[in-house]
Amino acid sequence: MCEVLSPGLAVSVLKAIFQEVHVQSLLQLDRHTVYSIITNFMGTREEELKGLGADFTFGFIQVMDGEKDPRNLLVAFQIVRDLIAKNYALGPFVEELFEVTSCYFPIDFTPPPNDPHGIQREDLILSLRAVLASTPQFAEFLLPLLIEKMDSDLQSAKLDSLQTLTACCAIYGQKELQEFLPSLWSSLRREVFQTASEKVEAECLAALHALSACLSCSVLSCDTEDLLDSFLSSILQDCRHHLCEPDMKLVWPSAKLLQAAAGASLRAYHCVTSSVLPLLLEQYTKHPQSSQRRTILEMLLGFLELQQKWGHVEEDESTLLSLQAPGCSVVFSALTDPSVQLQLVGIRALTVLGSLQGFLSPSDLELVVDHLIRLALHEEDSQSSEAAMEAAGSLAPLYPKVFSGHMVPRLEEELQSEREEESSCDHRSLRQRCLQALAAVSTHTSIVRETVPVLLQHLRKVQKGSEAGNAQDMVSVCQSLHRVALQCQQDVDSCWYYHQTVVPCLLAMAVQAAMQESTHPLLGKALLEEEVLAAMVPVISAATTHLSPELAAQSVSHVVPLFLDGEVSFLPQNSFPCSFQPFEDGECLEAQRRLVALLMAFVCSLPRNVAIPQQERLLRELLALSCSCNCPFTATTAAKCFAGLVNKHPAGQQLDEILQLAVNRMELSLAEGPHRTQGLTLLLWMTKALVLRYHPLSSRLTDKLLGLLGDTELGPAVADGFSLLMAESPDVLHKGCHADVRIMFRQRFFTDNVPKLVQGFHGAGPDVKANYLKGLSHVLNHLPKPVLVTELPTLLSLLLEALSCSDRVVQLSTLSCLQPLLLEAPQIMSLHVDTLVTKFLSLTSSPTMAVRIAALRCAHALTSLPTTVLLPYKARVIRALAKPLDDKKRLVRKEAVAARGEWFLLGSPGR
């Protein structure tokens, strides 16, 4: 309607409202209508309203004065913001406009229960803050108000004042702040020195940072005083002397204040650090105690980290460069201190110093490498060792030549050395640290090209050795190779180099070992042991997942023919004694068949758009192997590989045919005979592969699993299989290896199958009921908790029955499911409190430690139920929880103490 009014009518309407209507005597809805009229006119008739000059502002002040309804205030605050933002004339009414809005500061509003309008206190706070911080014209009135409210006893008033001050600093200049700087600094200092609230301290520091930034950015005329220097001088004068008292309680508040001010700009940083850094270095030398040195070094570290915001050290300005020698000396002394905590701070400081370009000289860098090697390899405390390795990984990309030229050769030398004077255990520990350090430092392409050959050479050496523990040594090398692979994934060149170096080498070593074993027993060949092959799987997988489709296609054209046709020409050192035929029959080929785990790691990690040569043949071979192999490890990996390929296979006739073949083969295995377990394994992995991609056949396979829960032989294994269906698989069928995983597949599986599980439980015989309960508890345990809470009333009776099941896995899974429900659905759970208390207390005496711990955690979580419901059980629970206080396991005792303490406090005043 505003658009159709003739020119001048909007002004006439508003004049009539301002002069003839006492707005605050109207009902809330009518007042809201007046605000809406003003808002609409401001949006459509801006020029006409501006023609009223300051009269429009004065009229609105009269309209708003005395408003109390939060719905109207939100609109009124928006009108004030528009008045200022659109440059309406405020005239002599700046103070009146400020008064009419600032009278609401700080906001004290609690929304009524079941408020249909949904206005929250935070909405009003933010809206008012936007008004108060919208113009520098309010500064002379607002800043005294903020200082007054900062001195308030109410924490909410302090926080609101500090946040408003921070917002104001974004638009104020030196002129607005000059008069109030001493009072502002005094209030901020007092709050940081005296407050017990972390929130208030954090907001004070943010406000000080904003003040310093505002003063740093102000444009000065030639005859104007630079307020930043005088402001920072006040801060230094009040805080600097506290830094000389590392044991006193004001040392950290002072350091935080100085860091907040210094972090606002490079100019502020130079001003503060030129005074503070020399003092801290001097204090470090003066105080010999490790605890005091740690405090001083942590403060120093805080200032060093600020320098990183501006990057390169300016040679003509930086205080740091003038303190290069004493700074390095302090950090190096911390690295050699016997105190682990001081070492850890020293390592962090070293990392920061190294990140400052141009700070460390070449000789300093060599010394850095020496310290990191010593700490990583020879420091007794594992914390310092791990921190040194992390520091090496952070600094290596900045100084690749130094680390590849000094650290890698030293680590290689340590790895290859045979020290007779050291015990076997010490030597193995040193070797393991060398492997970890080589992996940690491999964070740059040039270093990866140095470390990967060293790791592979060590793996070959271990394979040829005859030590009893060389399987564990191989696992350690594989873990290091895996870490390097993960670090290479984001760099295309590193990733391809790693893949074409490591994957063929691992395959060659495995094939060589398998062929040598073809006529000998497996015993003694560490490389073919399950734990070693399982450790090689993530290495090959991580080396493959991030390949580009073109490079992946190039690699798959070699690896698949290796397993199908024995094509070994692409492998290094490929003069093998016999042919490689992992899919052929024969007991002598059992060792070769185990290497299907490595094929699985490779093909199941390929991007979905990479075509796999001879895929149909490969699927048939894997299917046959998974159903007929007597080795559980081989049969399982073949089934997983088959499932991984089926999950990514494009829909169509080819997929339907291979799935039908698999179903026929699987049902034949499950019917009777020696391969029922293998058939079940295939069924589980096939079902998972199809459930993840919402394939229509998945419901038929799930029904087959539900039917097998009643099988006395396979039922328990099928029940455990429901965990496999719902959980994240670490090596195949997850998003990281490009599997087809649809969103909310767990919720869909729950909706489709839990009613069938419940029905099957009620109709099952007593000897197999536990299988249904176990399957149900696994499904519920992996379900998102919000979904579970909505279904809780119908399932709770079954979960309570599951607690009476003698199967430890069922008990543990059910307890894990119930614990969060006690916290998230207390009203529903309180209806069954008698049963819950009885069951939980009974299970605190379980022979299984994990069950005892879970039962105690549930007993602890019970205290979140309404107090009136729990009080009748308080004495009984406290008596029962006295027994686990003497449990032989420390972790059980720890949970018992926590749970019993909460029950003791139940019903106490103030709880």
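Look a little higher up for the structure.
All of the points below concern the structure found in this document. (Residues numbered from 1 in each chain as written. Predicted model: local features only at pLDDT ≥ 70, side-chain atom pairs only at ≥ 80, totals over all residues. Heavy atoms only, no water.)

### Observations regarding the overall build of the protein chain
Here's step 1: Across its full length, the protein chain holds 46 helices and 0 strands.
Here's step 2: Expressed as a percentage of contacts within the protein chain between residues at least 6 apart in sequence, the contacts between residues at least 24 apart total 73%. (Helix = DSSP H or I, 4+ residues; strand = E, 2+ residues; numbered from the N terminus. Contact = heavy atoms within 4.5 Å.)

### Some points on unusual backbone geometry
Here's step 1: Residue Pro106 is reached from Phe105 by a cis peptide bond, and omega for that bond is -5°.
Here's step 2: The topology assignment puts Pro106 in the loop between helix H6 (94–102) and helix H7 (121–132).
Here's step 3: A positive phi angle, near 55°, is found at Leu733, a position not held by glycine.
Here's step 4: Notably, His738 is not glycine yet its phi reads approximately 70°, a positive angle.
Here's step 5: Residue placement: His738 occurs in the loop between helix H36 (715–726) and helix H37 (745–763).

### Some words on helix H42 (residues 833–843)
Here's step 1: Burial in H42 covers these residues: Val833, Leu836, Val837, Phe840, Leu841 and Leu843. One side of H42 holds all its buried residues, which, seen down the axis, span an arc of 165°. (Buried < 20%, exposed > 50% of the residue type's maximum accessible area, 1.4 Å probe, protein only. Arc of directions from axis to C-beta.)

### Thoughts on the pattern of salt bridges
Here's step 1: In the structure shown here, the tally under the stated rule is 28 salt bridges.
Here's step 2: Salt-bridge contacts for Glu48 lead to Arg45; the nearest nitrogen and oxygen are separated by 3.3 Å.
Here's step 3: On the accessibility criterion, Arg45 (9% relative accessible area) is buried.
Here's step 4: Ionic pairing is found between Arg676 and Glu713, a salt bridge with its closest N-O pair at 2.7 Å. One end of the pair, Arg676, is in helix H34 (residues 676–692); the other, Glu713, is in the loop between helix H35 (697–708) and H36, with 37 residues separating them in the sequence. (Salt bridge = Lys/Arg side-chain N within 4 Å of Asp/Glu carboxyl O.)

### Considering the environment of Ser579
Here's step 1: Tracing the sequence through the fold places Ser579 in the loop between helix H28 (549–565) and helix H29 (590–593).
Here's step 2: Among residues more than four places away in sequence, those in contact with Ser579 are Met515 and Gln592.

### Details of the packing of aromatic side chains
Here's step 1: One pass over the full model with this rule turns up 8 aromatic pairs.
Here's step 2: Between Phe56 and Tyr88 the ring centres are 5.4 Å apart and the planes differ by 35°, which places this aromatic pair in the tilted class. Highlighted residues: Phe56 in helix H4 (residues 54–64) and Tyr88 in the loop between helix H5 (70–85) and H6, separated in sequence by 32 residues. Taken individually, Phe56 and Tyr88 each receive the classification buried, so the pair is uniform in this respect.
Here's step 3: Taken together, Phe18, Phe56 and Tyr88 form an aromatic cluster joined through their ring pairs.
Here's step 4: Above the face of the Tyr497 ring, Arg449 is positioned so that its terminal group lies 4.5 Å from the ring centre.
Here's step 5: In this structure, Lys769 packs its charged tip against the face of Phe761, placed 4.2 Å from the ring centre. (Phe/Tyr/Trp six-rings, centres within 6.5 Å; stacked < 30°, edge-to-face > 60°. Lys NZ or Arg CZ within 6 Å of the ring centre and 35° of its normal.)

### Quick notes on a negative patch on the surface
Here's step 1: There is a patch of like negative charges on the surface, built from Glu95, Glu96, Glu99, Glu140 and Glu179.
Here's step 2: In terms of residue count, H6 provides more of the negative patch than any other element does, 3 residues in total.
Here's step 3: Relative to the assigned elements, Glu179 resides in the loop between helix H10 (174–177) and helix H11 (181–194). (Patch = residues over 30% accessible without salt bridge, like charges linked within 9 Å, V, L, I, M, F, W, Y side chains within 5 Å. Areas by Shrake-Rupley, 256 points an atom, 1.4 Å probe, with all protein chains shown as cover. Lys, Arg positive; Asp, Glu negative; His and termini not counted. Charge placed at Lys NZ, Arg CZ, Asp CG, Glu CD.)

### A word on the packing of helix H40 (residues 808–824) against H42
Here's step 1: One can describe the packing of H40 onto H42 by two numbers: an axis separation of 13 Å at closest approach and a directional angle of 130°. Relative to H42, the element H40 is oriented oblique. Where H40 crosses over H42, the two elements pack in a sense that is left-handed. Each of Gln811, Leu815, Leu818 and Leu822 in H40 lies in contact with H42, whose residues at this interface are Leu836, Phe840 and Leu843. (Axes fitted to C-alpha atoms, helices over the stretch in contact; angles between N-to-C directions. Parallel < 35°, antiparallel > 145°, perpendicular 65-115°, else oblique. Left-handed = near helix turned anticlockwise from the far one by under 90°.)

### Examining the side chain of Ser152
Here's step 1: If you trace the backbone, Ser152 turns up in the loop between helix H8 (139–150) and helix H9 (155–168).
Here's step 2: Take Ser152: its relative accessible area is 18%, and that puts it in the buried class.
Here's step 3: With near-sequence residues (within four places) excluded, Ser152 lies in contact with Ala157 and Lys158.

### Considerations on the state of the cysteines
Here's step 1: Tallied over the entire structure, the rule returns 0 disulfides.
Here's step 2: Cysteine Cys271 shares no disulfide, and the gap to the nearest cysteine sulfur, in Cys239, comes to 13 Å. (Disulfide = S-S within 2.5 Å.)

### Observations regarding the side chain of Lys785
Here's step 1: Among the secondary structure elements, Lys785 is positioned in helix H39 (residues 785–803).
Here's step 2: Although buried, Lys785 forms no salt bridge, and the nearest oppositely charged side chain, Glu824, lies 6.9 Å from it.
Here's step 3: Ignoring sequence-local partners within four residues, the contact set of Lys785 consists of Leu780, Cys817, Pro820 and Glu824.

### Brief notes about empty space enclosed by the protein
Here's step 1: Tallied over the entire structure, the rule returns 2 cavities of 30 Å³ or more.
Here's step 2: Here the second largest cavity is characterised by a volume of approximately 40 Å³.
Here's step 3: Along its surface, the second largest cavity is lined by Arg428, Arg431, Gln432, Leu435, Asp473 and Ser476.
Here's step 4: Among the elements of the structure, helix H23 (424–440) and helix H25 (470–488) are those that each provide at least two residues to the lining of the second largest cavity.
Here's step 5: By residue number, the principal contributor to the lining of the second largest cavity is H23, which donates 4 residues.
Here's step 6: Looking at the lining of the second largest cavity residue by residue, the class counts come to 1 nonpolar, 2 polar and 3 charged. (1 Å grid on protein atoms, 1.4 Å probe; cavity = no way out; pocket = protein on both sides within 12 Å on 5 of 7 lines; lining within 4 Å. Points joined across faces, edges and corners; volume = space filled by probe spheres on them. Nonpolar A, V, L, I, M, F, W, Y, C, P; charged D, E, K, R; others polar.)

### Description of the environment of Arg900
Here's step 1: Counting through the fold element by element, Arg900 comes out in helix H46 (residues 890–905).
Here's step 2: By relative accessible area, which is 19% here, Arg900 ends up buried.
Here's step 3: Sequence-distant contacts of Arg900, that is, excluding residues within four places in its chain, are made with Ile878, Leu881, Ala882 and Leu885.
Here's step 4: There is a polar contact of 2.9 Å between the side chain of Arg900 and the backbone oxygen of Ile878. (Polar contact = N/O pair within 3.5 Å; in protein donor to acceptor, adjacent residues only side chain to side chain.)

### As for the packing of H11 against helix H12 (residues 198–217)
Here's step 1: Interaxial distance between H11 and H12 falls to 9 Å at its minimum, and their mutual angle equals 150°. With respect to their mutual orientation, H11 and H12 come out roughly antiparallel. With respect to the hand of their crossing, H11 and H12 are arranged in left-handed fashion. Contact with H11, carried on its side by Leu181, Leu184, Trp185, Leu188, Glu191 and Val192, involves Val200, Glu201, Cys204, Leu205, Ala207, Leu208, Leu211 and Leu215 of H12 and no other residues of that element.
Here's step 2: Classifying every residue of the contact of H11 with H12 by side-chain character gives 12 nonpolar, no polar and 2 charged.

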